[in-house]
Amino acid sequence: MLEGYLTQVATESALAEEPAAVSARLRSVFSAGAGRRATVLGLLIGKVLEDRERWPTDAIVYASRFGETRALSAFLDTFPHPSPTLFQTSVHPSAVQQVMIERRRPVPEYFPLAGGPDLAARALVTAFACPAEAVILCGGDERGSWMAEAGVASDQGFAFAALLRRSAGPAPLARLRLTPAEGPAAGGLAFPDWFALLHGRRAFGGPVSPDWRLELEWLRPAGP
Amino acid sequence: MDQSPVSLAACECLTALGDTAQTQGALERGQGALELRPFGGAEGGDLVPLALIPGRPLDESSPPSWLPAVRTLMGRCPAGPWGGPRHPVFVTSSNFGVGGLFAFRRGGGREHVEFGSPEACVRLVRGELGWGPNVTTISHACVSSNLGLVLAGRHLAMGLADSALVFTFDFLSPFVAGGFYALKILNAGLPAPYRAQETGSIGLGDGAAFAVLERGEGEWRIEAQTLYNEMHHFTAFPADGSGFAACIEPLARLARGRRVWIKGHGTGTLDAGRLEAEAFARALPESPLVGWKGGLGHTLGSNGLVELAIAREAMRRGRIPGTVGTSAPTFAPNVAVGSLDGRAYDAVICASNAFGGAHAAVLLAHA
């Protein structure tokens, strides 16, 4: 069994919000220059990791099903004169890198996970596999353009960040338990549904993948 | 640093030079696979050095043109219940099926989009190779496969797995060639890793590899692995080389006094090459440093595991390829231009770097 506590949780819901509106709303999360260059997903991740002193960066596990699809599609449209900036930001793990590079915060361990039907479960196990005392588990997706219509980008924008600790500490927000499933389990937890659990502070008990079962229990209301 | 030893029970690669043995042999003879081709594929563009698996075009097809190569490579993977509850698979790539998105956007049919996301691409591979659902997909640019090795080792150390499979694949397309061309480091020049010269150049190459990890001692042992992310700049490193030192130093402490050689990242860019060569020269001045991307091209997210497989083969055969494509003067005295006698060494440090100042290194030893 893997057991730990969430001692901080932040979420940002931009489910149906136009990406341009998200950019305008969140640009101030970054400095002026970086805010102009930031991707929508970078801004969403920057928002949930605001209050930088609250987020130790010894280890970060980042999960996104689709990653930087808007930068990727914009980069494609720059051919035959490809854009170096759009190429850099189109790489999968760039959302967290945009945030940490602007803050000049080294991160000893950074594990970016990319998609999969059990992405939330894989990200949780990866976070438990990090030896750091506190691990940032963050992620999200941005609304895509033509790629969303083609099924290779998200049709929703959202982001989350949670600080996972092995010990409860003075004021844990939630307790997490992952137990191996006894035999192949049906169902799982879709990535947007994991976001919804954190966003709505909803308890959960059930399979999150064919091989893992999750118990999520909230211990107190969200607060500063 | 991860220091729970795991056995590297199997490890093979496929490059533009052939399978593991063919690749090691070609590099040892100083041969490379890079050829000047238009970065935009059929659309043309300036000529840049690319190493494609023979017969595979740069432009993507549907189903992907690289699938036969994956089948060939994984035909050599030991059979196992991969993707089952105690036999996880870690799939790593920096490209996945992005070549299909390029093909679609540049006028191709809808079928090109089908494998365009990492998730859909891995679903295709998983179906081809018959894996179960216990699959974790990782993408961290050019240290992707290193992260797969670390996570696989941790699953073994935590008792979550009896054995683990790491599979990595990166096949070139105009998307990635155009990206590095835009950064101006993929140009008409051939890469000369660690050579002190006026202009830096890289080459890109197709590559795929797998590793089977098991708990405990074996003939080949991953003794330790390190990771570090500078988060200083997307494409530049701090001038003091502190990120290289942060990743290298823990392994160097284990390696001092032992007969260790180094396979560096060595893409052919100037600043990174100098910082890496100097960092290794400071940390392990007695250990020769080689780099192979002058022959293979940079196999991107897969380079860490592709080159680990070649390093293992080099130690097995007792012949270590030198730094293909390079000649004196080099950035540091420990850069080995020519081949080395592998019998003089018991272990190797293999290092990789990526965007964002990401570093990863592994210490592999022969029992």
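See above for the structure.
Figured I'd write up the structure that's included with this text.

Parameters and conventions
Residues numbered from 1 in each chain as written. Chains lettered and ligands numbered in written order. Predicted model: local features only at pLDDT ≥ 70, side-chain atom pairs only at ≥ 80, totals over all residues. Contact = placed C-beta atoms within 7 Å. Helix = DSSP H or I, 4+ residues; strand = E, 2+ residues; numbered from the N terminus. Nonpolar A, V, L, I, M, F, W, Y, C, P; charged D, E, K, R; others polar. Expected span 1.5 Å × (residues − 1). Buried ≥ 20, exposed ≤ 12 C-beta atoms within 10 Å, placed from the backbone. Arc of directions from axis to C-beta. Pairing = 2+ DSSP bridges.

### Some thoughts on the interface of chain A and chain B
Moving on, step 1. Each side of the interface is counted separately: chain A has 39 residues, and chain B has 47 residues.
Moving on, step 2. Ranked by residues supplied to the side of chain A that touches chain B, first place goes to strand β3 (residues 109-114) of chain A with 6 residues.
Moving on, step 3. Taken together, the residues of the side of chain A that touches chain B break down into 24 nonpolar, 8 polar and 7 charged.

### Focus: helix α4 (residues 118-129) of chain B
Moving on, step 1. Spanning 12 residues, α4(B) covers 16 Å between terminal C-alpha atoms, matching the ideal 16 Å at 1.5 Å per step.
Moving on, step 2. Of all the positions in α4(B), only B:P118, B:E119, B:C121, B:V122, B:V125 and B:R126 are classed as buried. End-on view of α4(B): buried residues confined to an arc of 160°, all on one side of the axis.
Moving on, step 3. Looking at the buried positions of α4(B), the neighbouring elements they touch are β3 of chain A together with α2 (67-74), β5 (89-92) and β6 (135-138) of chain B.
Moving on, step 4. Backbone geometry just downstream of α4(B) places B:G130 in the positive-phi region, at approximately 70°.

### What to know about the pairing of strand β2 (residues 59-64) of chain A
Residue and element names in this part refer to chain A.
Moving on, step 1. The element β2 is extensively covered by neighbouring structure, given that 6 of its 6 residues are classed as buried.
Moving on, step 2. Along β2, one buried face is formed by A59, V61 and A63 and the opposite face, lined by I60, Y62 and S64, is buried too.
Moving on, step 3. Taken together, the 6 bridges between β2 and β3 define a ladder with parallel strand orientation. Bridged to I60 within β3 is Y110.
Moving on, step 4. Bridge count for β2 against strand β4 (residues 134-141) is 4 bridges, and the pairing is parallel. What sits directly across from I60, in β4, is I136.

### Concerning the pairing of β5(B)
Residue and element names in this part refer to chain B.
Moving on, step 1. Here β5 shows a buried face lined by V89 and V91 and a second buried face lined by F90 and T92.
Moving on, step 2. Looking at chain direction, β5 and β6 are connected through 4 bridges and run parallel. Bridge pairing links V91 to T137 in β6.

### Section: the environment of B:G243
Residue and element names in this part refer to chain B.
Moving on, step 1. Tracing the sequence through the fold places G243 in helix α7 (residues 242-255).
Moving on, step 2. Taking the C-beta count within 10 Å as the criterion, G243 has 24 such neighbours and is therefore assigned buried.
Moving on, step 3. Distance in space between the C-alpha atoms of G243 and L275 is 9.4 Å, their sequence separation being 32 residues.
Moving on, step 4. Contacts of G243, omitting those with residues within four sequence positions, involve Y228, E230, F237, P238, G357 and H359.

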